[in-house]
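Structure assessment
The primary structure of each chain is shown beneath.
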Amino acid sequence: MSDRHITIMEAAARVIARRGVRGLRVEELAAEAGVSTGLIYYHFKDRTGVLRATLGFINDRADRYTTEREPGAAPMPARAELSHRLLLELQDDPIVRENSTAWNELCASAVFDESLRTDLANATAEWSVEIGDLIAEAVPSAPPRAARAAAERLTALLEGLSGRWLAGILPISHARDLLTEAIETELSRLER
């Protein structure tokens, strides 16, 4: 991805997080990114192309901030990695907040905009598989289907907690506590 493309995607995530999907205007995005509207259309064809690309961008960005480690850091046991990775989605960091806001906004928009559904479903399925793999590694005796179901429950819960945190319905510390309890409950259940 070129530097200009990254600049446009960062600007799109900011605009969506600030104004919502309905508030995203190509002209405003171009101004935010410091490029012409023609360049936006050149790269993305239309507004839907911008939304779909932004979904991919924020998904990749979340993957980076939840999986990157210090150089030379020892690998974590799967159980710790699972908790670590999920809890990094609930941190009061400007990029995480922006990413989570944009993700929640794109999810809500997919209810009305069918063009986003496939990309959203694919991104969600990928995330669920990654988390399911960590669960299976943490509890090797768990049947694969049960590990996948636990992953779906945990990722769905995380999305709901994220939305409540962003809406000011619950403090981030409480959201993190609830998620930690849910992770332990799911793993304990699978260990039986």
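Residues numbered from 1 in each chain as written. Predicted model: local features only at pLDDT ≥ 70, side-chain atom pairs only at ≥ 80, totals over all residues. Heavy atoms only, no water.

1. Considering the nonpolar core
Counting residues in hydrophobic clusters, the biggest one holds 29 residues, and the most contacted among them are Ile 8, Leu 29, Ile 40 and Leu 106. Put simply, the parts of the chain that give this core at least two residues each are helix 1 (3-19), helix 2 (26-33), helix 3 (37-44), helix 4 (47-67), helix 6 (94-110) and helix 7 (114-138). By residue number, the principal contributor to this core is helix 1, which donates seven residues. Within the second largest apolar cluster, 27 residues are counted, among which are Ala 78, Leu 154, Leu 161 and Trp 165. (Core = buried A, V, L, I, M, F, W, Y, C linked by side-chain atoms within 4.5 Å. Buried < 20%, exposed > 50% of the residue type's maximum accessible area, 1.4 Å probe, protein only. Helix = DSSP H or I, 4+ residues; strand = E, 2+ residues; numbered from the N terminus.)

2. Some remarks on the environment of Thr 48
With respect to the helices, strands and loops of the structure, Thr 48 is situated in helix 4. Among the residues examined, Thr 48 registers a relative accessible area of 26% and is labelled partly exposed. Between the C-alpha atoms of Thr 48 and Ser 115, which are 67 residues apart in sequence, the distance is 7.3 Å.

3. Looking at helix 6
Over its 17 residues, helix 6 runs 24 Å from end to end, which matches the ideal 24 Å to within 8%, given 1.5 Å per residue. For helix 6, the N-terminal cap is Asp 93; the gap from its side-chain oxygen to the backbone nitrogen of Ile 95 is 3.0 Å. (Expected span 1.5 Å × (residues − 1). Polar contact = N/O pair within 3.5 Å; in protein donor to acceptor, adjacent residues only side chain to side chain.)

4. Quick word on a negative patch on the surface
On the surface, a cluster of negative charge is made up of Asp 60, Asp 63, Glu 68 and Glu 126. Here Asp 60 shows up in helix 4. With relative accessibility at 42%, the residue Asp 60 sits in the partly exposed group. (Patch = residues over 30% accessible without salt bridge, like charges linked within 9 Å, V, L, I, M, F, W, Y side chains within 5 Å. Areas by Shrake-Rupley, 256 points an atom, 1.4 Å probe, with all protein chains shown as cover. Salt bridge = Lys/Arg side-chain N within 4 Å of Asp/Glu carboxyl O. Lys, Arg positive; Asp, Glu negative; His and termini not counted. Charge placed at Lys NZ, Arg CZ, Asp CG, Glu CD.)

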